[in-house]
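As a plain string of letters, each chain reads:
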Amino acid sequence: MIQSIAQKEFISTLRDRRFVVLSGLLLALLLAATLVGRGSYRTLQHERMVAQQTVNEQFHNQPNRHPHRVAHYGSFAFRPRAGLSFLDAGLDSFTGASVFLEAHQQNSVNFSQAQQSGSLIRFGELTVAFVLQVLVPLLIVFLCFSAFTEERETGTLKLLLSQGVSMRRVAWGKIAGYGRAVALVVGPALALAAWLLFGEEEFAHNPDVWVRLALFVAGYAVYFFLWIVGAVVVSARQRHARSALVLLLGCWMLGCIILPKATANLGATLFPTITKAQMDADVHEAAQKGINGHDPQDQRSAALKANLLKQYGVDSEEKLPVSVGGLVMAESEAYTSKVYQQHFADLTRTYERQNAISNWAGLLNPYQAIRPLSMGLAGSDFAHYVHFQQAAESYRYQLVQRLNGLQASMGYGDKERKLDAATWQAIPTFAYQAPPVGWALGYLLLPALALLLWAVGLSWLGLKLIDNTPVV
Amino acid sequence: MTYLLEAKDLRKQYADKLALRGLNLQIEAGEVFCLLGQNGAGKSTTINLFLGFIEPTAGAAYLNGLEVAANSLKIKQYLAYIPENVMLYPHLTGLENLALFSSLAGFSYKESELLAYLDQAGLPAEAVRRRVGTYSKGMRQKVGIAIAVAKHAKVLLLDEPTSGLDPKASNEFSELLRQLSQQGTAVFMATHDIFRAKEVGTRVGIMREGELVDVRPTAALNANELEQLYLTYMQ
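Residues numbered from 1 in each chain as written. Chains lettered and ligands numbered in written order. Predicted model: local features only at pLDDT ≥ 70, side-chain atom pairs only at ≥ 80, totals over all residues.

If you look chain B up in an unreviewed UniProt entry, it shows as ABC transporter ATP-binding protein from Hymenobacter citatus.

Per an unreviewed UniProt entry, chain A goes by DUF3526 domain-containing protein and derives from Hymenobacter citatus.

So this is what it looks like as structure tokens:
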């Protein structure tokens, strides 16, 4: 029975010119977004790879230099884009692409696309995720708003039910039929995405990307299912198609436009972030409490030197086997790193609290559940950004401390000498390893749970409501 | 004795109107009961109560011995229903509509069988593969008749079934009803058409303001007498 109704809905939908036009437009948008997204991904990925190779070569090809000069010369870490980020750019356009790695300070990740592009990017890009999250639900609304109202208004519902079908089965049949129609629109774009993705050597044998894509598709399947069930239930409970359409469009506006902005504003109000200037001032003030490696008059440096003399049992710096300057730099770096990490951790926590408001809102609004899930699986969410930031900082700290170690090993009078250029070639360059899907899922439990709760709750409650819907 | 259709003190009260005032009625297998009455007399309410689409305020409707309100899904297997204005799915052809409704009733017919039902209902052969959106009201009505016949139901509930049919098709439909009643089908037909009621009915009932005011065997009246009786009650 359900299969017969599903087939009837599917065929009727395909023969409806309005649906053909709307879905054709949407499919064209999806395919365009997939191709443009993939093109943009490849361009950016190539640019960042070339830039990373260039700075790595520049680092390795430094001439004979003092290690601390090398530490100040520094390097750059470029954030590679995640494989699926061409489907959902998430925060990628707004978070930076590269970070300058140097001694004494942890720089923020800069040069986002939004910084370098016109203001239009702030209105959002046309990505596959945007089409799937915002426009496909609109198609579903137009497809399903008259699912029951039209049957009731024309009288086919009575004829249908007189055949011995329950309202619940009719509803499931309609849900299955509309689901097929939506899959027909979305499927080709996702198939194209998979073909583009796995057609390349980079991802062909990468199970992590396979799993991410499978979960990405599953997440959207649940999201569309929710919209279809919701629209069918609203249609069953409303007497007229017009009122069902108005109600569904209201839900769409509330869920996809108003609530996300309202919760983002609420998050920013409840958990305000400090300005960059304030953070720089705070970090500077806190760093003053540690050893200043560049100040020979610093009393804490003098104390460290005294301890070293005592440790090695010598009476002057000249007799020490290590460079006091190098060890002071290492001590100073350890302290300032701790200060920076503390402040960056506080800032990150504030952003996470802001995001948490939006994520919890996913329990009220499925759009706010699929959005973080989609970004997280695409590797373009805040957690993945922080992961890169921390990896870059970890590399910077190890690099600078390695250079400080080299300086310390040069002994007294190191400032007058240089190390051979071959030394820099032995230092490993930055190579970012993106986190696996298992790590990402740890951050996505709430949105995934919210989406599943919606699916179960709406199916149960919605179909119960349909059971009790008067036929005439 | 188990009647195929039975109403026991059946009442339906809407918020502002008493639509049915204690209907008592029994219809046996092979009987064609025609219910006459003006618009708003309670004919459609009676059919909706037998279909289980609305619940009675008091009393009970029975179909094939089963109380309708308690078995609203189960009783559907014993009945077929033709509304006044058969509306089908406009994007499907007549053949596809018949196949769909038959499959929902649990019948899986071959195409040749479906075509035979449509032919029996009088749908022109050239129309069976056309989308129903292009059909006239009469053509849709014929598909509705085919749907009802293909269900092989024990009870036929008809709400102005000949509305929109041309005289020839109406006569063919009357003939079809006679055949079905001879095969033991109980027919309950709400109609305004006194001539049709006299022609096909075995009994005729007159309903006024929710009350069944008179029931007569049609054999006891000629068409004029029936018309006079009806007009008397409607005054």
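Time to look at the overall build of chain B. The helix and strand tally for chain B stands at 7 helices and 10 strands. Against the compact-globule benchmark of 18 Å for 235 residues, chain B has a radius of gyration of 17 Å, which places it among compact chains. Out of the 235 residues in chain B, the part that is buried amounts to 49%. (Helix = DSSP H or I, 4+ residues; strand = E, 2+ residues; numbered from the N terminus. Rg over C-alpha atoms; globule rule 2.2 N^0.38 Å. Buried ≥ 20, exposed ≤ 12 C-beta atoms within 10 Å, placed from the backbone.)

Before going further, it helps to spend a moment on helix α3 (residues 111–121) of chain B. Residue and element names in this part refer to chain B. By the burial criterion, the buried members of α3 are L114, Y117, L118 and A121. For α3, the buried positions fall inside an angular range of 95° around the axis, keeping them on one side. Close packing links the buried residues of α3 with α2 (94–104) and α4 (137–150). (Arc of directions from axis to C-beta. Contact = placed C-beta atoms within 7 Å.)

Residues and elements named next belong to chain A. Here, the residues flagged by UniProt with the feature "transmembrane region" (unreviewed entry) are residues 20–41, 126–148, 177–198, 210–233, 245–263 and 440–463. The span residues 126–148 shows a helical share of 74% and a strand share of 0%, and its end C-alpha atoms are spaced 33 Å apart. With 100% helix and 0% strand, residues 245–263 has end C-alpha atoms that lie 26 Å from one another. (UniProt positions renumbered as here; feature names shortened; annotations may be inferred.)

Another point: the nonpolar core. If you look at soluble globular proteins, the nonpolar side chains tend to sit buried side by side. Formed by 155 residues in total, the largest nonpolar core has its most connected members in A:I140, A:I228, A:A231, B:L98, B:V143, B:A146 and B:F188. Here the element with the most residues in this core is helix α10 (residues 207–237) of chain A; it accounts for 17 residues. In this structure A:I140 touches A:V182, A:F224, A:W227, A:I228 and A:A231, once residues within four positions along its chain are discounted. Listed in part, the 22 residues of the second largest apolar core include A:F59, A:A71, A:F76 and A:F388. (Core = buried A, V, L, I, M, F, W, Y, C linked by C-beta atoms within 7 Å.)

All names here are of chain A. Spanning 17 residues, helix α5 (residues 128–144) covers 22 Å between terminal C-alpha atoms, matching the ideal 24 Å at 1.5 Å per step. Approximately 35° is the largest bend angle found in α5, and it occurs at L135, with the proline P137 only one to four residues beyond. Every buried residue of α5 is listed here: V128, A129, V131, L132, Q133, V136, P137, L139, I140, V141, L143 and C144. (Expected span 1.5 Å × (residues − 1). Bend = angle between axes of the 7 residues up to and from the residue.)

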